[in-house]
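# Results of the structural survey
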Amino acid sequence: MAGTMDDIRQTDPDIYDLIKQEERRQFDKIRLIASENYVSSAVLQATGSVLTNKYSEGYPGRRYYEGQQIIDQVERLAIERAIDLFDAEHVNVQPYSGSPANLAVYLAFLKPGDTILGMALPHGGHLTHGAAVSISGRYFQAEHYTLSRETGLIDYQQILEKARQCRPKIIIAGHSAYPRILDFEKFREIADEVGALLLVDMAHFAGLVAGGAHPSPVPWADVVTTTTHKSLRGPRGAIIMCKREYGAAIDKAVFPGIQGGPHNNTTAAMAVAFREAATPEFADYAGQIVKNARALAETLCKRGFDLITGGTDNHLLLVDLTNKKVTGKQAARALDMAGLVVNYNAVPFDKRKPGNPSGIRIGTSAVTTRGFKEAEMFQVGEWINAVVSEPENERLITEIGADVAAFCKAFPPPGIA
């Protein structure tokens with residue numbers, strides 16, 4: 001397990017105990033939440049470094065506080081590595097997370113009431129793509145495209161027709177629960193026809209892009225946002241990439257537009273993660289994420305599960321449990337008790353409410369970091385099937401939970417083992 005953390009233990013034994021409990025949970029359970037991962041020990045150390053002590057409003061060479069000689073070098077290094085990793089023209093590494101990054105893009109290019117067009121939340125979009133409960137849906141005129149009822153796939157003709165009708169200022173391509181590869185060239189064509197900017201939110205699949213297992217949106221988009229955790233396996237932060245001509249507007253929107261000083265410890269951890277993502281080992285990792293997702297999809301399909309779009313091309317699966325006569329929340333809670341951690345999730349055209357929808361979302365980034373391959377995913381699929389088939393069988397769930405904990409001992413995660 002990780003270090004003893006003597007200082008925390010002596011200063012605050014309550015927090016120390018909770019951290020150790022979470023550490024044990026992350027070790028003993030199979031984490032299948034698509035937005036989670038394990039960072040390396042190096043990323044973890046950078047996140048907890050003394051860089052958290054320094055305040056640094058502004059940008060390298062243009063700060064509002066003195067003493068930035070080291071911090072400027074850290075931020076420049078993170079920017080340079082992101083530019084090299086994604087072949088971007090301009091990068092801002094200061095956003096605190098993905099939602100503020102998207103908000104900064106809107107601030108840079110929109111006025112309240114302007115129209116945006118994004119994927120509907122129940123169809124796999126994100127809150128910040130114009131959901132009514134989000135600031136993006138309250139301050140802007142949010143229009144949405146949906147998936148095809150017949151195929152579960154994006155209907156690009158529908159997007160084109162919707163864009164012609166509503167004439168959005170920004171079209172958003174990106175998702176939080178869509179298991180297929182987006183056609184960025186088609187999104188570009190649609191945006192050009194209606195005179196819109198194209199924003200790609202690749203928070204979920206950025207690691208696949210970095211590792212060459214997924215097409216890059218950078219050549220096609222005006223602006224690309226991404227978190228730096230999830231499949232990219234970095235700290236909890238975000239970056240914005242854009243065409244050079246939009247760099248000044250993006251930087252001004254981030255600071256002073258929506259936030260103050262950057263989190264320098266996170267910036268350093270990003271730089272470490274970008275360096276790791278540029279290695280051949282990371283490329284192998286990204287490819288294995290997709291192989292693992294497909295292996296799990298194959299196993300579940302054989303067991304009669306209804307997968308949205310019938311499978312996956314990326315790191316996630318979206319499963320409609322209607323034919324299993326189990327709700328998403330019921331399945332997710334039973335799976336968690338069995339050591340298989342997923343999240344309940346709406347599916348396209350879901351007849352159930354978001355608080356207890358029909359589906360679950362499953363991701364393979366974290367288990368791939370632990371070293372799982374196709375054989376392990378077949379076993380995971382069998383466990384999922386067993387639990388979902390009998391979600392109220394406490395004895396079965398307890399037995400599987402013990403098997404999962406024993407199984408995990410052979411796959412110690414980085415930063416904990």
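Residues numbered from 1 in each chain as written. Predicted model: local features only at pLDDT ≥ 70, side-chain atom pairs only at ≥ 80, totals over all residues. Heavy atoms only, no water.

### Brief notes about the overall build of the protein
The cut-off we apply is this: We count a stretch as a helix when DSSP gives it H or I for four or more residues in a row; a strand needs E for two or more, and each element gets its number in order from the N terminus. We compute the radius of gyration over the C-alpha atoms and compare it with the globule rule, which gives 2.2 Å times the number of residues raised to the power 0.38. Buried, partly exposed and exposed residues are distinguished by accessible area as a fraction of the type maximum, computed with a 1.4 Å probe on protein chains only: under 20%, between the cut-offs, and over 50%, respectively. Any pair of residues with heavy atoms lying within 4.5 Å of one another is described as a contacting pair. Methods summary: accessible areas were calculated by the Shrake-Rupley approach with a probe of 1.4 Å, and residue burial reflects only the protein chains presented. We count Lys and Arg on the positive side and Asp and Glu on the negative side, and we leave His and both chain ends out. Where a charge sits is defined by one atom per residue type, namely NZ (Lys), CZ (Arg), CG (Asp) or CD (Glu).
The helix and strand tally for the protein stands at 16 helices and 15 strands. Its C-alpha atoms give the protein a radius of gyration of 21 Å, near enough to 22 Å, the size a compact globule of 417 residues would have. Expressed as lengths along the three principal axes of its C-alpha atoms, the size of the protein is roughly 60 × 60 × 40 Å. Classification of the 417 residues of the protein by burial places 56% in the buried group. Considering only intrachain contacts with a sequence separation of at least 6, the fraction spanning at least 24 residues in the protein is 72%. If you sum the accessible surface of the protein, you get close to 18000 Å²; carbon and sulfur atoms cover 51% of it. Each charge class in the protein was averaged separately, 44 positive and 48 negative side chains, and the resulting centres sit 3 Å apart.

### Topic: the pattern of salt bridges
Put simply, the rule reads: The salt bridge criterion pairs a side-chain nitrogen of Lys or Arg with a carboxyl oxygen of Asp or Glu, the two atoms within 4 Å.
All told, the structure shown has 19 salt bridges when counted by the stated rule. Close ionic contact of glutamate 143 with lysine 162 constitutes a salt bridge, the shortest N to O distance being 3.6 Å. Highlighted residues: glutamate 143 in strand E6 (residues 141-145) and lysine 162 in helix H7 (residues 156-166), separated in sequence by 19 residues. Between glutamate 382 and arginine 303 there is a salt bridge, and its shortest N-O distance comes to 2.9 Å. One end of the pair, glutamate 382, is in helix H15 (residues 374-389); the other, arginine 303, is in the loop between helix H12 (280-302) and strand E11 (306-307), with 79 residues separating them in the sequence.

### Describing the packing of H15 against helix H16 (residues 394-408)
Under the convention used in this document: A fitted line through C-alpha atoms represents every axis, and for helices the fit uses only the stretch in contact; the resulting angles, taken between N-to-C directions, go from 0 to 180 degrees. Orientation categories follow fixed angle ranges, with anything under 35 degrees roughly parallel, anything over 145 roughly antiparallel, 65 to 115 roughly perpendicular, and all other angles oblique. By the definition used in this description, the sense in which the near helix is turned from the far one sets the handedness, with an anticlockwise turn below a right angle giving left-handed and a clockwise turn giving right-handed. Residue polarity follows a fixed list, in which Ala, Val, Leu, Ile, Met, Phe, Trp, Tyr, Cys and Pro are nonpolar, Asp, Glu, Lys and Arg are charged, and the others, Gly among them, are polar.
With their axes 10 Å apart at the nearest point, H15 and H16 run at an angle of 165° to one another. With respect to H16, the axis of H15 lies roughly antiparallel. Our pair here, H15 against H16, has a crossing hand that is left-handed. In this structure, H15 contributes Glu376, Gln379, Trp383, Ala386 and Val387 to the contact, and H16 contributes Leu396, Ile397, Ile400, Asp403, Val404 and Phe407. Taken together, the residues of the contact of H15 with H16 sort by class into eight nonpolar, one polar and two charged.

### Thoughts on the nonpolar core
Rules: Buried Ala, Val, Leu, Ile, Met, Phe, Trp, Tyr and Cys residues that are joined via side-chain atoms within 4.5 Å together make up what is termed a nonpolar core.
By size, the foremost hydrophobic cluster in this structure holds 50 residues, and its most contacted members are Phe86 and Ile171. The contact partners of phenylalanine 86, leaving out residues within four places of it in the chain, are Met202, Ala206, Val209, Ala210, Val218, Leu232, Ile239 and Met241. With 36 residues, the next largest nonpolar core counts Ala297, Ala332, Val404 and Cys408 among its residues.

### Points about the UniProt feature "site: Plays an important role in substrate specificity" (unreviewed entry) in the protein
For clarity, the cut-off: UniProt positions are given in the numbering used here, feature names are shortened, and annotations may be inferred rather than shown by experiment.
The feature "site: Plays an important role in substrate specificity" (unreviewed entry), as given by UniProt, occupies His229 in the numbering adopted here. With respect to the helices, strands and loops of the structure, histidine 229 is situated in the loop between strand E9 (223-227) and strand E10 (238-242). Those residues in contact with histidine 229, other than ones at most four positions away along the chain, are Ser35, Gly234, Pro235, Arg236 and Gly237.

### Structural notes on the pairing of E10
Stated precisely, the cut-off is as follows: At least two DSSP bridges between two strands are required for those strands to pair.
Counting buried positions along E10 gives five out of five residues, so the element sits mostly inside the fold. With three bridges joining them, strand E4 (residues 90-92) and E10 adopt antiparallel strand pairing. Note that in E10 the partner of histidine 90 across the bridge is cysteine 242. Of the pairings in the sheet, the one linking E9 to E10 comprises five bridges and is antiparallel in character. Note that in E10 the partner of threonine 227 across the bridge is alanine 238.

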